[in-house]
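# Chain and residue survey
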Amino acid sequence: MEAPPTEDSLEEEDEEEEGRRPSVTVSELRDCFVSGRRGAIQYQLIVRIINKSHLMYYGRTDRNCECPYKAVLQACDRTGSVCVVLWNSVCVSWYRRLKPGDIISLRHYRVKQHYQAEVDDIEISVNSRNPAAQISVLPESSVSPEYLPPAPSYNFYNSKELLERPQGNLCDVIGLLTFTGRSERVRSKDGRGAGLLEYRWLRLEDGSSDKPIMVKLFSTSQPETHLKLHPVSVVVCTRLKSIRSDQSPDSFYLTNTTYTQVYCTGKSEPGIWLGFSLFIQPDPCPVS
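The name given to the protein in an unreviewed UniProt entry is RPA-related protein RADX-like, with the source organism recorded as Xenoophorus captivus.

Printed below as a string of structure tokens:
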């Protein structure tokens, strides 16, 4: 679904339009969990989404679940960061509605031990029952300035800078799409979830070097964006990692992480591409 449930938005109308303050912070939730105070939390938590994962399928033949999906959001407030896990039908209602940079309000959630993490780390479980979580997207102007969560940060590199990035380095890129390969499938190596993974090759040019940016792009749960990936489009890919060849250190490509997101303008106009080229190339004569 692209629109949030109507009953959640109606509840938010009763709140103040400006100066909203959280009832609890990430740091306080972590301290309460470590001290043994656990269970359903009713207090309002206000966080900003920093990263958003693709949808993850965990269905099994011996389990009966109508929507065996989950999605992970990396979120933060001024006191710390936390993983917010959307489960089952919550993904249906909210996955497409939430995006990196959004400020959200959470109520009626559970705090749990973070899966495969340190003992004192936590995650917030958001489900449709036991209890039924309440989610709202808040405009920045409605949050009190002293409680406004920090904005996401990005690490953009051009094609020249990418030549020096080490194996596994996380990066964000932007460029003109000059080639898009056909979709191909490969069998999943972990043996969990979907048996086949779909990917395609993208070649991006940004004018900073003669070497293109090659991206092995797997599905990011953004089918509407992937349909726009045609040559002469301006494409932004965030949260990619660098993969280098053992045989040829100079040969490398970028591929997905759990939190990769793709943005595409569609076919670019000449004026847009000219402005983009000027933006990404350093000024040889900076003005002091």
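The number of helices and strands found in the protein is six helices and 16 strands. The long-range share in the protein, meaning contacts at least 24 apart out of those at least 6 apart in sequence, stands at 66%. In the form shown here, the protein has an accessible surface area of approximately 16,600 Å², with 51% of it arising from carbon and sulfur atoms.

Moving on to the pairing of strand β5 (residues 80–87). In terms of strand pairing, strand β4 (residues 69–77) meets β5 through eight bridges, oriented antiparallel. Within β5, the position partnered with V72 by the bridge is V85. Linking β4 to β5, which pair antiparallel, is a turn of two residues. The pairing of β5 with strand β8 (residues 122–126) spans four bridges and is classified as parallel. Across the sheet, the residue bridging to C83 is E123, located in β8.

Here we take up the pattern of salt bridges. Under the criterion given, the structure shown has seven salt bridges. Here E224 and R96 are joined by a salt bridge, their closest N and O atoms 3.4 Å apart. Taken as a pair, E224 in helix α5 (residues 223–226) and R96 in the loop between α3 (89–94) and β6 (103–107) lie far apart in primary sequence, 128 residues in all. On the basis of relative accessible area, E224 is assigned to the partly exposed category, the value being 35%. Since its relative accessible area comes to 44%, R96 is described here as partly exposed. A salt bridge links D102 to K99; the shortest N-O distance between them is 3.2 Å. Judged by its relative accessible area of 46%, K99 is partly exposed.

The full count for this structure, using the stated rule, is zero disulfides. C91 carries a free sulfur, and the closest cysteine sulfur to it, the one in C67, is 8.4 Å from it. Given a relative accessible area of 8%, C91 falls into the buried group.

Those residues of helix α2 (residues 26–34) not exposed but buried are V26, L29 and F33. Down the axis of α2, the smallest arc covering the buried residues is 60 degrees, so these residues share one side. On the buried face of α2, the contacting elements are β1 (40–41), β2 (45–52), β4, β5, β7 (109–113) and β8.

Turning next to empty space enclosed by the protein. On inspection of all chains with the given rule, the structure shows one cavity of 30 Å³ or more. One number sums up the size of the largest cavity: a volume of about 40 Å³. Within the residue set of the lining of the largest cavity, elements represented by two or more residues are β2, β14 (233–244) and β16 (261–267). In terms of residue count, β2 provides more of the lining of the largest cavity than any other element does, three residues in total.

Together, L55, Y57 and Y69 make up a nonpolar patch on the protein surface, roughly 250 Å² of accessible area in all. Considering the arrangement of structural elements, one finds Y57 in strand β3 (residues 56–57).

Looking now at the layout of surface pockets. When its volume is computed, the second largest pocket comes out at roughly 290 Å³. Lining the second largest pocket we find 16 residues, and of these K52, R96, K99, Q222 and E224 sit closest to its centre. Broken down by secondary-structure element, the contributors of at least two residues to the lining of the second largest pocket are α5 and β16. Ranked by the residues each element gives to the lining of the second largest pocket, the list is headed by β16, at three residues. A per-class count over the lining of the second largest pocket returns five nonpolar, five polar and six charged.

Here is what the cut-offs are and how they apply
- Residues numbered from 1 in each chain as written.
- Predicted model: local features only at pLDDT ≥ 70, side-chain atom pairs only at ≥ 80, totals over all residues.
- Heavy atoms only, no water.
- Helix = DSSP H or I, 4+ residues; strand = E, 2+ residues; numbered from the N terminus.
- Contact = heavy atoms within 4.5 Å.
- Areas by Shrake-Rupley, 256 points an atom, 1.4 Å probe, with all protein chains shown as cover.
- Pairing = 2+ DSSP bridges.
- Salt bridge = Lys/Arg side-chain N within 4 Å of Asp/Glu carboxyl O.
- Buried < 20%, exposed > 50% of the residue type's maximum accessible area, 1.4 Å probe, protein only.
- Disulfide = S-S within 2.5 Å.
- Arc of directions from axis to C-beta.
- 1 Å grid on protein atoms, 1.4 Å probe; cavity = no way out; pocket = protein on both sides within 12 Å on 5 of 7 lines; lining within 4 Å.
- Points joined across faces, edges and corners; volume = space filled by probe spheres on them.
- Patch = residues over 30% accessible without salt bridge, like charges linked within 9 Å, V, L, I, M, F, W, Y side chains within 5 Å.
- Nonpolar A, V, L, I, M, F, W, Y, C, P; charged D, E, K, R; others polar.

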